[in-house]
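The chain contents come next:
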Amino acid sequence: MKIEMLICKLHRATITDANLNYQGSITIDKALLKKANLFKGQKVEIANINNGERFSTYIIEGAENSGIICLNGAAARKAQIGDKVIIMAYGLYDTNEMENYCADILLLDEKNNIISHTKEL
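These notes cover the structure that comes with them.

Within the largest apolar cluster, 23 residues are counted, with the highest numbers of intra-cluster contacts made by Leu-10, Ile-26, Ile-28, Leu-38, Ile-69 and Ile-87. Put simply, the parts of the chain that give this core at least two residues each are β1 (2-14), β3 (25-29), α1 (30-36), β4 (43-48), β5 (54-62), β6 (69-72), β7 (84-94) and β8 (103-108). Look past the residues within four positions of Ile-26 in its chain and what remains in contact with it is Val-44, Ile-46, Thr-57, Tyr-58, Ile-59, Ile-60, Ile-69, Cys-70, Leu-71, Asn-72 and Ile-87.

Dropping the structure here:
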């Protein structure tokens, strides 16, 4: 049996831009994607800490070391620049993989630099 589980969370990322006139997605700094083991085109769920909005979209790779977290298209209506969000990615695991299961948790600062990177759960 397969179980959908959290594989990675970017916690307290700061929205740096919002581009309503772009096809829907979230642009994330390439350096963050590498550290979090996330991929362009991957589906993510976003939870806005400031207003409680939750929505899903896909990743677009942003400039490396830019700190960019930009909501595009309709997603740009779900947050304002400066809002704190949690970006979560999920994957399918076999039940026999659950004994050693853990997720990557990256805590970010105000400029989307990594404060800590832990394996939890």
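Now that the structure is up, let's keep going.
Turning to the sheet that holds β3, a few remarks are in order. Taken in spatial order, the 9 strands make up an open sheet running β2-β6-β3-β5-β4-β7-β1-β8-β9, and their pairing is mixed. Two strands close off the open sheet at either side, each with one partner strand: β2 (17-19) and β9 (114-120). Across the sheet, the mean angle from the axis of one strand to that of its neighbour is 30°, orientation sign disregarded.

Moving on, we get to the environment of Leu-38. As for its placement among the helices and strands, Leu-38 is situated in the loop between α1 and β4. As a C-alpha pair, Leu-38 and Leu-121 span 83 residues in sequence and 19 Å in three-dimensional space. If we skip the residues at most four places from it in the chain, Leu-38 touches Cys-8, Leu-10, Leu-33, Ile-59 and Ala-89.

The next point concerns the pairing of β4. For β4 and β5, the ladder comprises 5 bridges, and the chain directions are antiparallel. Bridge pairing in β5 links Lys-43 to Tyr-58. Counted along the chain from β4 to the antiparallel partner β5, the turn is 5 residues long, and its residue Gly-52 has a positive phi close to 85°.

Another point: the packing of aromatic side chains. Applying the stated rule across the entire model yields 1 aromatic pair. An angle of 85° between the planes, with centres 5.3 Å apart, marks the rings of Tyr-93 and Tyr-101 as edge-to-face. For Tyr-101, a relative accessible area of 12% puts it in the buried group.

Calculation rules
- Residues numbered from 1 in each chain as written.
- Predicted model: local features only at pLDDT ≥ 70, side-chain atom pairs only at ≥ 80, totals over all residues.
- Heavy atoms only, no water.
- Core = buried A, V, L, I, M, F, W, Y, C linked by side-chain atoms within 4.5 Å.
- Buried < 20%, exposed > 50% of the residue type's maximum accessible area, 1.4 Å probe, protein only.
- Helix = DSSP H or I, 4+ residues; strand = E, 2+ residues; numbered from the N terminus.
- Contact = heavy atoms within 4.5 Å.
- Pairing = 2+ DSSP bridges.
- Axes fitted to C-alpha atoms, helices over the stretch in contact; angles between N-to-C directions.
- Phe/Tyr/Trp six-rings, centres within 6.5 Å; stacked < 30°, edge-to-face > 60°.

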